[in-house]
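Structure assessment
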Amino acid sequence: MDFSLSEEIEFLRENVRKFVKEEVEAVAMEIEENNEIPEKIIEQSKEMGLFSLSIPEEYGGLGLDMVDKCAIFEELGKTHNGFTTLIGAHTGIGTVGIVEFGTDEQKQKYLPKMATGEWIGAFALTEPSAGSNAANLKTTAVKKGDKYIINGSKHYITNAVDADVFTVMAITDPEKGAKGITSFIVEKDFPGFSLGKVEEKMGLRGSHSAELFFDDMEVPVENVLGEEGQGYVNALKVLANGRAGLAARNLGSCEKLLEHCLNYAKEREQFGKPILDIQTIQNMLADISLQIETLKSLTYRVAWMTDQKQRVVKEAAIAKLYGSEVYNKVADLAVQIHGGIGYMKDYPIERYYRDARITKIYEGTSEIQRNIIAGELIRELKRKEG
Ligand SMILES: Cc1cc2nc3c(=O)[nH]c(=O)nc-3n(C[C@H](O)[C@H](O)[C@H](O)COP(=O)(O)OP(=O)(O)OC[C@H]3O[C@@H](n4cnc5c(N)ncnc54)[C@H](O)[C@@H]3O)c2cc1C
């Protein structure tokens, strides 16, 4: 396996590292207070091509493969997770469906503007009745002439407030269950589309999650994404594709926390010596390091396998599950190493502690990742048995 990066990607990675350290970190507190990503950061992100990572070059994007994308996501993980979620959701679930399943006309229409960040993307699968059981949708799409009429609602949709283009899953054939679900590209200005409640969350400040309502929303037939009836399968593929990226962002956050821990342990003195000299603290640091190195291997392995077009259902679920669990454990250890100050809002550790929590829930809970892994094990066993 080869995880080396080209000179071009190393250059981009270095620029992202610098941008994150010097620009985004400087406004992290402001994002927490205002629940908004400053316009300057969005504009700089556009200039750096951060909205275009998944979009092929012919449509104005950088068209990175998965190893390269993970290298960039790892850097992005080292700063405010609300900002990183805005970029991650756009670049991942918000864009990948159109790249993978869009017609050439759809790609021509949407991708160039999504690559520049002029149009932000979002992915709308979850509904009140359809969480982990994502096929249990109630939103319907009925074909009438050259349009589909969509009725229903979605909730918890990342980027909902800022997005211009949504991938929306709806039932086109209620008799067929999951095989009766179709994806649509929906623009926020389509008649019958509206935003509902914007959620107040535990963390991820600056990343806005909201309800969507479709009231006789009219969607032209040319906005069907992929084949009719393939919406659920394609949605699962988009989610699986995003798992390596989320693991890479979690990896970056863990690395940043380790950096904070080492610096703090070196400076903080108790009992007449830096706490870095205390073996208990060293053990915690060693545990963090062990988990980071394991996560790094899992993340880049699945990214490399993805680039080789190998089946990665199990590996992607393992990386997502392990990355989320480890991020939460590392954030907990980081609070512990920092003692009281780790609990205070003046210091970034408590923010990571809150932001880590969502990673065990969105893009498929940890329990669902375990189900996927077990399902793949059983599948492999049956295949071996013939
Ligand atoms: C901040 C945030 C952002 C989100 N962004 C998006 C987005 O952009 N687009 C989108 O479509 N969705 C989004 N979601 C939705 C997210 O994917 C769901 O919340 C998640 O899949 C879980 O669904 P649920 O909340 O309905 O929980 P439930 O499915 O009700 O789960 C409740 C509990 O039961 C467990 N459980 C359920 N079924 C099983 C099972 N079969 N086996 C074992 N355990 C099970 C779950 O793991 C969990 O612990 C977002 C959610 C949040 C909180």
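Residues numbered from 1 in each chain as written. Predicted model: local features only at pLDDT ≥ 70, side-chain atom pairs only at ≥ 80, totals over all residues. Heavy atoms only, no water.

In the nomenclature of an unreviewed UniProt entry, the protein is known as Acyl-CoA dehydrogenase of Salinibacillus kushneri. The record held by UniProt for the protein lists under Sequence similarities (unreviewed entry) the comment "Belongs to the acyl-CoA dehydrogenase family." (UniProt positions renumbered as here; feature names shortened; annotations may be inferred.)

**Observations concerning the domain arrangement of the protein**
In terms of domains, the protein is made up of domain 1 (7–120), domain 2 (122–228) and domain 3 (232–385). The straight-line distance from the C-alpha centre of domain 2 to that of domain 3 is 30 Å. With twelve residues of domain 2 at the interface, the matching set in domain 3 holds twelve residues. Buried area between domain 2 and domain 3, summed over both chains or domains, comes out near 1000 Å², and the portion from carbon and sulfur atoms is 70%. Of all residues in domain 2, Phe123, Met202 and Leu204 give up the largest surface area on contact with domain 3, accounting jointly for 44% of the area buried on that side. Linking domain 2 with domain 3 are zero salt bridges. Applying the counting rule to domain 2 against domain 3 returns two residue pairs in polar contact (both at pLDDT 80 or more). (Domains from an automatic or database assignment. Contact = heavy atoms within 4.5 Å. Buried area = accessible area lost by both parts, 1.4 Å probe. Salt bridge = Lys/Arg side-chain N within 4 Å of Asp/Glu carboxyl O. Polar contact = N/O pair within 3.5 Å; in protein donor to acceptor, adjacent residues only side chain to side chain.)

**Overview of the UniProt feature "domain: Acyl-CoA dehydrogenase/oxidase C-terminal" (unreviewed entry) in the protein**
UniProt records the feature "domain: Acyl-CoA dehydrogenase/oxidase C-terminal" (unreviewed entry) for residues 229–376 in the present numbering. Counted over residues 229–376, helix gives 76% and strand 3%. Its end C-alpha atoms are 24 Å apart. (Helix = DSSP H or I, 4+ residues; strand = E, 2+ residues; numbered from the N terminus.)

**Thoughts on the UniProt feature "domain: Acyl-CoA oxidase/dehydrogenase middle" (unreviewed entry) in the protein**
Mapped onto this structure's residue numbering, the UniProt feature "domain: Acyl-CoA oxidase/dehydrogenase middle" (unreviewed entry) falls at residues 122–217. Summarising residues 122–217: 0% helix, 51% strand, and an end-to-end C-alpha distance of 17 Å.

**Concerning helix H8 (residues 231–267)**
Taking 1.5 Å per residue as the helical rise, H8 with its 37 residues ought to reach 54 Å, and the 54 Å between its terminal C-alpha atoms agrees with that figure. Of all the bends in H8, the greatest, near 30°, is centred on arginine 243. Within H8, 28 of the 37 residues are buried, which leaves the element mostly enclosed by the surrounding structure. (Expected span 1.5 Å × (residues − 1). Bend = angle between axes of the 7 residues up to and from the residue. Buried < 20%, exposed > 50% of the residue type's maximum accessible area, 1.4 Å probe, protein only.)

**Side note on the packing of helix H1 (residues 7–24) against helix H4 (residues 66–76)**
Packing of H1 against H4 brings their axes to within 9 Å, and their N-to-C directions diverge by 15°. With respect to their mutual orientation, H1 and H4 come out roughly parallel. Remark: the crossing between H1 and H4 carries right-handed chirality. Counted together, Ile9, Leu12, Arg13, Val16, Arg17 and Val20 of H1 and Asp68, Ala71, Ile72, Glu74, Glu75 and Leu76 of H4 form the full contact between these two elements. Taken together, the residues of the contact of H1 with H4 sort by class into seven nonpolar, no polar and five charged. (Axes fitted to C-alpha atoms, helices over the stretch in contact; angles between N-to-C directions. Parallel < 35°, antiparallel > 145°, perpendicular 65-115°, else oblique. Left-handed = near helix turned anticlockwise from the far one by under 90°. Nonpolar A, V, L, I, M, F, W, Y, C, P; charged D, E, K, R; others polar.)

**Some details on the site of the ligand**
Around the ligand, the surrounding shell holds 20 residues, and the nearest of these are Thr126, Ser132, Thr158, Thr365 and Glu367. Interatomic distance of 2.8 Å between a backbone N/O atom of phenylalanine 123 and a nitrogen atom of the ligand. Burial of the ligand by the surrounding chains reaches 65%, relative to a free accessible area of 970 Å². Every element with two or more residues in the shell around the ligand is listed here: strand E1 (121–124), strand E3 (147–158) and helix H12 (366–385). Looking at the shell around the ligand, its residues break down into ten nonpolar, seven polar and three charged. Here the shell around the ligand spans two domains, since at least three of its residues come from each of domain 2 (122–228) and domain 3 (232–385). (Near = heavy atom within 4 Å. Areas by Shrake-Rupley, 256 points an atom, 1.4 Å probe, with all protein chains shown as cover.)

**Some thoughts on a nonpolar patch on the surface**
There is a patch of nonpolar side chains on the surface, built from Val161, Leu195 and Val198 and spanning about 210 Å² of accessible area. By the element assignment, leucine 195 lies in strand E6 (residues 193–198). The class for leucine 195 is partly exposed, based on a relative accessible area of 38%. (Patch = residues over 30% accessible without salt bridge, like charges linked within 9 Å, V, L, I, M, F, W, Y side chains within 5 Å.)

**Considering the environment of histidine 260**
Structurally, histidine 260 can be placed in helix H8. For histidine 260, a relative accessible area of 15% translates into the label buried. Residues histidine 260 and tyrosine 347, 87 residues apart in the sequence, show an inter-C-alpha distance of 10 Å.

**A look at the packing of aromatic side chains**
Evaluation of the coordinates by the stated rule reveals seven aromatic pairs. Between tyrosine 148 and phenylalanine 184, the ring centres sit 5.0 Å apart and the planes meet at 65°, which makes this aromatic pair edge-to-face. Taken together, the residues span a long stretch of sequence, with tyrosine 148 in strand E3 and phenylalanine 184 in strand E5 (residues 181–187) at a distance of 36 residues. No difference in accessibility class separates tyrosine 148 from phenylalanine 184, as the two residues are buried. Consider the rings of phenylalanine 193 and phenylalanine 214, whose centres lie 6.1 Å apart with planes at 40°: the pair is tilted. You can see phenylalanine 193 sitting in strand E6 and its partner phenylalanine 214 sitting in strand E7 (residues 209–220), a full 21 residues away along the chain. Of the two residues examined, phenylalanine 193 and phenylalanine 214, each falls in the buried class. An aromatic cluster of three or more residues is present, and its members are Phe166, Phe193 and Phe214. Sitting over the ring of tyrosine 352, arginine 351 keeps its end group 5.1 Å from the ring centre. (Phe/Tyr/Trp six-rings, centres within 6.5 Å; stacked < 30°, edge-to-face > 60°. Lys NZ or Arg CZ within 6 Å of the ring centre and 35° of its normal.)

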